[in-house]
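Architecture at a glance
The lines below spell out each chain.
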Amino acid sequence: MQPLTRERTTAPGEAPAPRRSRQPLTSAPAPARTLWPYLLIAPAVLGTLYLLVHPLLRALLISLQDFGLRQLILGDAEFVGLENYRTLLTDPRFWEVVRRTFVFMAINVALIMVISTLVALMVERLGRFGRTMVLSALVLAWAMPVIAATTVFQWLFHSEFGVVNRSLRSLGLDSFDRYTWFASGPASFAILVLLIVWQSVPFAAITLYSALTTVPAELHESARIDGAGARRIFRSITFPMIRPIFMLVLSLEVIWTFKAFVQIWVMTRGGPGDATTILPVYAVQTALSAQHYDLGAAASMVTVVLMSGVLVAYFRQMYKQEAEL
Amino acid sequence: MTRSRIRRIPLDAAAVLTVLVCLFPVYWMIATAFRPTGDIQSANPRLIPYTWTLEHFRTAVDADGFALFWRNSILVTASAVLLALVVALGAAFAVARLRWSGRRQFMLMVFIAQMAPWESLIIPIYIISRDTDMLDRLPTLTLVYFMITLPFTIVVLRGFLGTIPPELEESAQVDGCTRLGAFRRIAFPLLAPGLMATSLFGYITAWNEFAYANFLIIKQQDSRTLPVWLSSFQNTFGTDWGATMAASTLFALPALAIFLILQRHVTSGFASGAVKG
Amino acid sequence: MKLRLLAWVSVCAVTAGLSACGSSGGAESGRTTIDVWLMRDSVSTEFQKDFVKGFETAHPDIKVRIQIQEWDGIGEKVTAALASNDAPDVIEAGNTQVAQFAAGGGLADLSDEVGELGGKDWLKGLAEPGSYEGKQYGIPYYAANRVVIHRTDLFEKAGIDPAEIKTRAQWTAATEKLDEGGTQGIYLPGQMWYALAGFVWDEGGDLATESGGAWQGALDTPEAIRGMEFYKELQALGKGPKDSDEDDPPQADVMAKGDVAQIISTPGGAKVITEANPELEGKLGFFPIPGKSASKPGAVFTGGSDLVVPAASAHQDAARTFVKELTGDTWQKKLAVAMSYVPNKTTLADAVADDPGAAAMAAGAAENSHATPNTPAWAAVEAENPIKDYMTAVITGGSAESEAKKASEAITRAMNAGS
């Protein structure tokens, strides 16, 4: 039995395989004049309009108003134009948060992509038993609910009874006796990176591994006969083949780490100081804790714009690809 | 023989390391949950507890409203996931199998919807729910979770559909089935594993969600869900890491179980071999 | 087949989900049900039961449903409740929070109850923060300030007479003596900022100062830094965690384990300790937090709660009845005795006259009571709490001056942001 090895071959996204057979066949039936496709997407579109676009517009509206606790309760908000954006964009603290968000995202995504590619390559080379073990372990880590995982990480790094401090101490590092990880900005930041990488690698690794299995073995063989080294094979044969999936995973991870919120909120609330405050945390702090709903809404609008900026290249490519299908 | 074995050592070591790193936090959670309190707070924690106890689980289960919140969570999660699956299936079929103008725009919308800043939409959604008298109700949560999981579900389902060759359906159509009939008879059974795999993701997201559950369920404490319970549990039983870990274990258990169960289904579905493409 | 099954299951689950609305409160066979939010551990379960029973007997037309809320994230929770159409009917709010909610327009004006309740005798520390622009929104519920709870047996063994501890110097000397072997001289978590506030006030400093309508963080004044230095010195005489406050873990539970000689707590903490560990019954004593000189006890923060009625409550009359009953003389006396609180009126102080904890508390409250800055903006500081980060930073070895500067800037920013 090879649990999961096949399943993922086809998993998320545009596996390169189907495109070969698709074009001549699908274009044959169904001229565009039918109502069917529109009926089929109607629930999705209506749901999105009411449950996503509507609140988003509402948030946009709030970001243009003077909207605090009083307006939330009594509902007589006044328009102030771009005043909130001006306040936000001239606040050095906000730019510090933006910078931190990008650093956080870059570190996480780089680690996730490197580690999961390595894990995927490793799984491909393992025997059946090893593969089953590693894949099952990955699945279990993946299935761990975020809140439970975050709680467990807090416990691992607990200053008094945490297993990390005790292990370090038993290795003779006495300075870790009751070391308070969450009191230090860089340490909290590092623990959050560790947690997010730990949670994200399974999805990425399994998806990449399934993409790897679609690369025909003969290609490797012939390349090896031609005397290409392992690194060379990966660069010029394997990677180009899994590139579409790699890009999909990469952009999903960018989105997910950019929006990482629950882990940070539960673990540090953005502290100590501002050390782990990234944009979504900042928006929630400003809106819910400090009750400046207007500034919080403006911050999240800016977040969306920044994130789109990062992903615009990807969207363009995807849009082109869709045209080909 | 021996040489290849030696060459494999780094690889095997890496595999063992991966397994350990993945499993340790999960293991430590469960092990702490079963450990007597004295052992938890001893100076030298043992990797495997000496004695096992169910006391922490008792504390967790006896806490107020545990069964109720469990039921709420399952209800909300299951309805959100199923709703998302049904809606996404239609959309994915339209995108993967039909040609129509606006298809590219639709997929772009789906991708962009993935970026929705849900944390910041709490206030607008709160206002909208208040004005439509939907506060304090589980269906509101269901709808929000449905929308959070929908874009990803569409993307993944379309990916799965793409792997099922349309030839299969076309041959059925030749045999006299309608387009949808062919899809239902031929593609759907092949897609079932895909549906299950997809539901896992939605399930995990909805099962975990905390911010909305905390903010939209205000007065009806009976409508709380497990993540909110877990967080208030931590407040109440702060020092009691054993009980907190037991609660976390109980919370994580359905996710771990469903992943393992569905993993088998998914595998067997693909093992039938019809989907080699 | 599979499709049909799936479709059927999904329809069932969706309809079940959509129809499973919580049962709505309200009238039930002629009785009004009111929802009351009280804070975790503000009253004991026993008192709560007694009160509800007594109340429902006296007012058979009202049914009380009490929900216990956590302090963590309470500001957001109350905000959500106040802005909703169907708010709870009575909410216990920390005295420093009321102004903010009143300014937001979410509370019912209870000014016309003041006379009947004898408001002229209310404790100022509760009544003043409960009013906003001349109207009374919060009705004083209870007050408490911190004292030192100590283990009489450990003190005796070390040959220390707690009655002799009148100054800080004597206090640290005694604590040092106690902090020996397996015993912690004092369990002081690193982020107990109300205790820090007391030390800062003792030195003549403050948390924030106002000039010309603008508030400014004041932790970086030399006085405030001296307060922090004393906190650090004291904190080192035990094993209190440097990175958490008194609720995490609950310090009463820690003391209940038996190896802690002192904690700084409201006197009610003693009950929690003996409940958790009955062996400590009779071994706990109280003394006021010592001041800089023997002539004046240490400054204390008068903490406490007010009861408020949300404007959106559907049962205003029943809610007022509830508030009047719980803040009225009869139950206030019982509450003060049950929880070792200061009753909400100065005239009721006799009720706890022979309670040693209350006596220690009264010494501080009478001579050196302080409050956090009285402005709606202060709640934003507490929500973010840069003071806690500051304390941890200094205790773990950071420079007091530069950390204090950072914290003061954060306070200034939080208090003046927007509005």
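Residues numbered from 1 in each chain as written. Chains lettered and ligands numbered in written order. Predicted model: local features only at pLDDT ≥ 70, side-chain atom pairs only at ≥ 80, totals over all residues.

As recorded in an unreviewed UniProt entry, chain C goes by Extracellular solute-binding protein and comes from Streptomyces triticagri. Per UniProt, the comment on chain C under Sequence similarities (unreviewed entry) is "Belongs to the bacterial solute-binding protein 1 family." (UniProt positions renumbered as here; feature names shortened; annotations may be inferred.)

Chain A carries the name Sugar ABC transporter permease in an unreviewed UniProt entry, which gives Streptomyces triticagri as its organism. Taken verbatim from the UniProt record of chain A, the Sequence similarities (unreviewed entry) comment is "Belongs to the binding-protein-dependent transport system permease family." For the record of chain A, the UniProt heading Subcellular location (unreviewed entry) holds the text "Cell membrane".

1. With respect to the sheet that holds strand E6 (residues 139-144) of chain C
All names here are of chain C. The five strands are arranged E2-E1-E3-E13-E6 in an open sheet whose pairing can be described as mixed. The open sheet has two edge strands with one neighbour each: strand E2 (62-69) and E6. Averaged over all neighbouring strand pairs, the angle between strand axes comes to 20°, with direction disregarded. Contacting strand E1 (32-39), E2, strand E3 (90-94), E6 and strand E13 (303-308), helix H12 (residues 316-327) runs over the sheet at an angle of about 45° to E1. (Pairing = 2+ DSSP bridges. Helix = DSSP H or I, 4+ residues; strand = E, 2+ residues; numbered from the N terminus. Axes fitted to C-alpha atoms, helices over the stretch in contact; angles between N-to-C directions. Contact = placed C-beta atoms within 7 Å.)

2. So, the packing of helix H6 (residues 128-143) of chain A against helix H9 (residues 185-212) of chain A
Residues and elements named next belong to chain A. Put simply, H6 and H9 touch, their axes get as near as 8 Å, and they point 130° apart. With respect to each other, H6 and H9 are oriented oblique. For the element pair H6 and H9, the recorded crossing hand is left-handed. Contact residues: H6 offers Leu135, Leu138, Val139, Ala141 and Trp142, while H9 offers Trp198, Pro202, Phe203, Ala205 and Ile206. Taken together, the residues of the contact of H6 with H9 break down into ten nonpolar, no polar and no charged. (Parallel < 35°, antiparallel > 145°, perpendicular 65-115°, else oblique. Left-handed = near helix turned anticlockwise from the far one by under 90°. Nonpolar A, V, L, I, M, F, W, Y, C, P; charged D, E, K, R; others polar.)

3. Looking at the UniProt feature "domain: ABC transmembrane type-1" (unreviewed entry) in chain A
Here the UniProt feature "domain: ABC transmembrane type-1" (unreviewed entry) sits at residues 98-316 of chain A. As a span, residues 98-316 of chain A carries 78% helix and 0% strand, and end to end its C-alpha atoms are 24 Å apart.

4. Digging into the domain arrangement of chain C
Size of an interface, as often reported, equals the accessible area lost when the parts are brought together. All names here are of chain C. Taken domain by domain, chain C comprises domain 1 (32-144 + 302-370) and domain 2 (147-301 + 373-416). The straight-line distance from the C-alpha centre of domain 1 to that of domain 2 is 26 Å. Contact residues are listed per partner, giving 26 residues for domain 1 and 26 residues for domain 2. Within the residue set of the side of domain 1 that touches domain 2, elements represented by two or more residues are helix H4 (98-103), helix H14 (356-367) and strand E14 (369-370). Top element by residues in the side of domain 1 that touches domain 2 is H14. It accounts for nine residues. For the side of domain 1 that touches domain 2, the class distribution of residues is twelve nonpolar, twelve polar and two charged. (Domains from an automatic or database assignment.)

5. Considerations on the interface of chain B and chain A
Contacts between the two partners involve 87 residues from chain B and, on the opposite side, 82 residues from chain A. The biggest single contributor to the side of chain B that touches chain A is helix H12 (residues 241-271) of chain B, with 15 residues. Within the side of chain B that touches chain A, the residues separate by chemical class into 62 nonpolar, 17 polar and eight charged.

6. Description of the sheet that holds strand E11 (residues 284-287) of chain C
All names here are of chain C. Read from one edge of the open sheet, three strands run E10-E7-E11, paired in antiparallel fashion. This sheet does not close on itself; its edge strands, each paired only once, are strand E10 (262-265) and E11. Ignoring which end each strand starts from, the neighbouring axes of this sheet average 30° apart. As paired strands, strand E7 (residues 147-151) and E10 are joined by four bridges and run antiparallel to one another. Its bridge partner lying in E10, Val148 is registered against Ile264. Running over the sheet, H14 touches E7 and E11 and is turned about 15° from E11.

7. Concerning the pairing of strand E9 (residues 214-217) of chain C
Residues and elements named next belong to chain C. Side-chain alternation along E9 places Trp215 and Gly217 on a buried face and Ala214 and Gln216 on a face that remains uncovered. As paired strands, strand E8 (residues 208-211) and E9 are joined by four bridges and run antiparallel to one another. Following the sheet pairing, Ser211 is matched in E9 by Ala214. Where E8 folds back onto E9 in an antiparallel hairpin, the turn is made up of two residues, including Gly212, whose phi is positive at roughly 60°. (Buried ≥ 20, exposed ≤ 12 C-beta atoms within 10 Å, placed from the backbone.)

8. Considering the nonpolar core
In this structure, Leu138(A), Leu208(A), Ala88(B), Ala91(B), Ala92(B), Leu196(C) and Val342(C) are the most contacted members of the largest nonpolar core, which totals 300 residues. Per-element tally for this core: the top contributor is helix H4 (residues 66-97) of chain B, with 19 residues. When residues no more than four places from it in sequence are discounted, the contact partners of Ala92(B) are Ile154(B), Leu157(B), Arg158(B) and Leu161(B). (Core = buried A, V, L, I, M, F, W, Y, C linked by C-beta atoms within 7 Å.)

9. Describing the environment of Asp109(C)
You can see Asp109(C) is positioned in the loop between H4 and helix H5 (124-127). Sequence spacing of Asp109(C) and Lys283(C) is 174 residues, and the spatial spacing of their C-alpha atoms is 46 Å.

10. What about the confidence of the model for chain C?
All names here are of chain C. Overall, the predicted model of chain C reaches an average pLDDT of 85, with 92% of residues at or above 70. Segment residues 1-28 is flagged for pLDDT under 50; beyond a separation of four residues in sequence, or across chains, it makes 38 contacts in the model. Across the interface, the model reports ipTM at 0.81; the global pTM reads 0.81. (pLDDT = per-residue confidence, 0-100.)

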